[in-house]
Amino acid sequence: MGGPVVVGVDGSASSLAAVRAAAWEAHWRGTRLRLVHAIAWSELHPLGPLSLGPTERALRDVGEPLLTE
């Protein structure tokens, strides 16, 4: 068995279609499915990036709804 099938998701219709295809592929291979989401810090702080960056909770608050969907 190889590593997991990894797919990026941003909430768009095309990324959700990619998730469905990746889920089928993971099932077919008998391996795990890993969903990933990336976010630009400027989306959380439109006035500019913070020197320390956003908190882990802030990042999760943005990404988890997309991954749950």
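A quick note: this is a predicted structure, and the numbers were derived from the prediction, not measured.

Rules of the game
Residues numbered from 1 in each chain as written. Predicted model: local features only at pLDDT ≥ 70, side-chain atom pairs only at ≥ 80, totals over all residues. Heavy atoms only, no water. Core = buried A, V, L, I, M, F, W, Y, C linked by side-chain atoms within 4.5 Å. Buried < 20%, exposed > 50% of the residue type's maximum accessible area, 1.4 Å probe, protein only. Helix = DSSP H or I, 4+ residues; strand = E, 2+ residues; numbered from the N terminus. Contact = heavy atoms within 4.5 Å. Expected span 1.5 Å × (residues − 1). Bend = angle between axes of the 7 residues up to and from the residue. Pairing = 2+ DSSP bridges. Right-handed = clockwise from strand over helix to strand, strands pointing away.

Enquirer: How would you summarise the nonpolar core if you had to cite specific residues and measurements?
Expert: Residues Val-5, Val-7, Val-9, Val-19, Ala-22 and Ala-26 constitute the largest nonpolar core, which totals 6 residues. Of all the elements in the fold, those that place two or more residues in this core are β1 (5–8) and α1 (13–29). At 3 residues, the largest contribution of residues to this core is made by α1. Leaving out residues up to four positions away in the same chain, Val-5 has contacts with Ala-22, Glu-25, Ala-26, Arg-29, Thr-31, Arg-32, Leu-33 and Arg-34.

Enquirer: Please provide a residue-by-residue account of the environment of Ala-26, values included.
Expert: Its location among the elements puts Ala-26 in helix α1. Ala-26 sits in the buried class, given a relative accessible area of 4%.

Enquirer: Could you give an account of helix α3 (residues 56–68), with specific residues and numbers?
Expert: The end-to-end C-alpha separation of α3 is 17 Å, in line with the 18 Å expected for 13 residues at 1.5 Å each. Residue Val-62 marks the point of greatest curvature in α3, where the axis turns by about 30°; the proline Pro-65 follows within four residues.

Enquirer: Just give me the short version of the pairing of strand β2 (residues 33–36), but keep the residues and values in it.
Expert: Here 4 bridges tie β1 to β2, and the two strands are oriented parallel to one another. What sits directly across from Val-5, in β2, is Leu-33. Read from β1 through α1 to β2, the crossover connection turns out right-handed.

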